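Residues per chain are reported as follows:
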Amino acid sequence: MTGIYLPGDSFLHRLPAGAKLLGLALLCTTLLLLGSPLWLGGFTVLVVLLYAVSGVGPAAAWAQVRPLRWFAVVLFVMQFALVDLYGAVSSTLRIVLAVALAGLVTLTTRFADMTACFERCFAPLRAFGIDPFRVSLLLSLTVRSVPVISALATRVRDAQRARGVSWSVRAFAVPLVVSALRHADALGEALSARGLDD
Amino acid sequence: MIEFSGVNVTLGEREVLSDLTLSLPERRIGVVGANGSGKSTLARLINGLALPTSGDVTVLGLDTRRHAARIRRDVGFLFTDPDAQIVMPTVAEDVAFSLRRKGLSRDEVAERVRAVLSRYGLADHADHPAHQLSGGQKQLLALCSVLVLDPQILIMDEPTTLLDLRHSRQVADLMGRLPQQVVVVTHDLGLLDSFDRVLVLDQGRVVADSTPKAAIDHYRDLMS
């Protein structure tokens, strides 16, 4: 969800965002219900096939599950120690496959289509005085904030290094929070300037 | 037409702008002054991001105090830091985001986004993550996101401060070609050479209001 949409013309790219999200929910539920290792193996093949059909290369596919690698190792070891080898393999595989599927949806869906879909899903909330546009805007800003906060953190850390300050939580957190609040202020003003506070 | 009539702005004890009365009909207007002289507040007053403590600001015949939202539809604002303006993850999506509440069809939005990105040289970056653009490209994207709304007036608050020389020139060239009335707050004096009028602010007051050369000379004297 961090804006890593890969342009393409596969059937997955052309599928509406709502259909993909529904498919994701159904496939993840199915994944939880699968008991036999044979079925899990078959499911793995299905995920690989979906990636192949979508035209997403191995590097982009790996990037989806890479952040999970240490978590997957810890989960596998714990499950192996507490349950058995089959339990460890199936639990770890379920998590990795679910994340891979979610990543595939992100890679093949424009974020704007995703937020438009959420807006339609949240439309009934109007009855309770909640503006669906604002909910989807909140989602957009959350996603957009990830690289911004990351850049702010890098800047704060670089400034600390330049001044020869060794690692200190307070010296890191205070300027980061101040910068983030300033950014939030500026963003609010920019949204008003773009006429999005009507 | 932008008009200030007896405008004062105070923040706590501090008087940010004092007794400002101006009529700004020219197409290219520059505003210069030291840090804290009230330049950015003046710019923010024009599209109602800031409101006067007393006096009136009228833009396109509308009072900013009563019609701020309406005025913002016709007055685009470009900030110094493009990162604070980019909302969506990719370039095209961010430009399209500006059109979200315009009631346009999907095809119309796509066409207007494509047109504005092509005009300002970002068409090849349409699907790129916005946060991976260079500083200059981000500023161009912020400009596209404003211009796609086709505003009548464009306010730019230090648009080249974070840019290198090449991108500053690019923004300056672009500014020269815009059909809109443009008000630019800047420290980049070279940007103002071809302008119709330049205001110099000092401690919240307009101390010079003239052609670029005369106003900039006054500003240089003031700073020396």
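Residues numbered from 1 in each chain as written. Chains lettered and ligands numbered in written order. Predicted model: local features only at pLDDT ≥ 70, side-chain atom pairs only at ≥ 80, totals over all residues.

**Examining the overall build of chain A**
Here's step 1: Check the secondary structure of chain A and you find nine helices and zero strands.
Here's step 2: Secondary structure elements of chain A occur, N-terminal to C-terminal, as α-α-α-α-α-α-α-α-α.
Here's step 3: Over its C-alpha trace chain A gives a radius of gyration of 21 Å, far above what one expects of a compact globule, namely 16 Å for 198 residues.
Here's step 4: Dimensions of chain A along its principal axes, counting C-alpha atoms only, are 55 × 50 × 35 Å.
Here's step 5: Within chain A, the fraction of its 198 residues that count as buried is 17%.
Here's step 6: Contacts spanning at least 24 positions in sequence make up 69% of the contacts within chain A whose residues lie at least 6 apart. (Helix = DSSP H or I, 4+ residues; strand = E, 2+ residues; numbered from the N terminus. Rg over C-alpha atoms; globule rule 2.2 N^0.38 Å. Buried ≥ 20, exposed ≤ 12 C-beta atoms within 10 Å, placed from the backbone. Contact = placed C-beta atoms within 7 Å.)

**Notes on helix H4 (residues 106–119) of chain B**
Residue and element names in this part refer to chain B.
Here's step 1: In a regular helix each residue adds 1.5 Å, so 14 residues correspond to 20 Å; H4 covers 20 Å between its end C-alpha atoms and thus fits that length.
Here's step 2: On its buried face, H4 is in contact with helix H3 (91–97) and helix H5 (135–147).
Here's step 3: Positive phi shows up at Gly121, right after H4, with a value of about 75 degrees. (Expected span 1.5 Å × (residues − 1).)

**Notes on the packing of helix H2 (residues 17–33) of chain A against helix H7 (residues 111–121) of chain A**
Residue and element names in this part refer to chain A.
Here's step 1: Between H2 and H7, whose axes approach to 9 Å, the crossing angle comes to 80 degrees. On the basis of the axis angle, H2 is roughly perpendicular to H7. Between H2 and H7, the residues in contact are Ala17, Gly18 and Leu21 and Asp113, Met114 and Cys117, respectively.
Here's step 2: Among the residues making up the contact of H2 with H7, the classes are represented as four nonpolar, one polar and one charged. (Axes fitted to C-alpha atoms, helices over the stretch in contact; angles between N-to-C directions. Parallel < 35°, antiparallel > 145°, perpendicular 65-115°, else oblique. Nonpolar A, V, L, I, M, F, W, Y, C, P; charged D, E, K, R; others polar.)

**What about the sheet that holds strand E8 (residues 181–185) of chain B?**
Backbone hydrogen bonds are what pair the strands of a sheet, in a parallel or an antiparallel way.
Residue and element names in this part refer to chain B.
Here's step 1: With mixed pairing, the six strands of this open sheet are ordered in space as E6-E7-E8-E3-E9-E10. Since the sheet does not close on itself, it has two edges, and those belong to strand E6 (75–78) and strand E10 (205–210), each with one partner. Neighbour-to-neighbour, the strand axes of the sheet open up by a mean angle of 15 degrees, direction not taken into account.
Here's step 2: Direction of pairing for strand E3 (residues 28–33) relative to strand E9 (residues 197–202): parallel, over a ladder of five bridges. (Pairing = 2+ DSSP bridges.)

**With respect to the confidence of the model for chain B**
Here's step 1: For chain B, mean pLDDT is 90; residues scoring 70 or higher make up 100% of the total.
Here's step 2: For this predicted complex, the interface confidence comes out at an ipTM of 0.72, alongside a pTM of 0.76. (pLDDT = per-residue confidence, 0-100.)

**A short note on the packing of helix H5 (residues 69–82) of chain A against helix H6 (residues 85–108) of chain A**
Residues and elements named next belong to chain A.
Here's step 1: Running from N to C, H5 and H6 cross one another at 155 degrees; their axes reach a closest spacing of 7 Å. Taken together, H5 and H6 sit at an angle that is classed as roughly antiparallel. Helix-helix and strand crossings are classified by hand; for H5 and H6 the assignment is right-handed. Across the interface between the two elements, Ala72, Leu75, Phe76, Gln79 and Phe80 from H5 touch Leu85, Gly87, Ala88, Ser91, Thr92, Ile95 and Val96 from H6.
Here's step 2: Tallied by class, the residues present in the contact of H5 with H6 amount to eight nonpolar, four polar and no charged. (Left-handed = near helix turned anticlockwise from the far one by under 90°.)

**As for the environment of Arg69(A)**
All names here are of chain A.
Here's step 1: Tracing the backbone shows Arg69 in helix H5.
Here's step 2: With 11 C-beta atoms counted inside 10 Å, the residue Arg69 sits in the exposed group.
Here's step 3: Separated by 27 residues in sequence, Arg69 and Val96 place their C-alpha atoms 8.8 Å apart.

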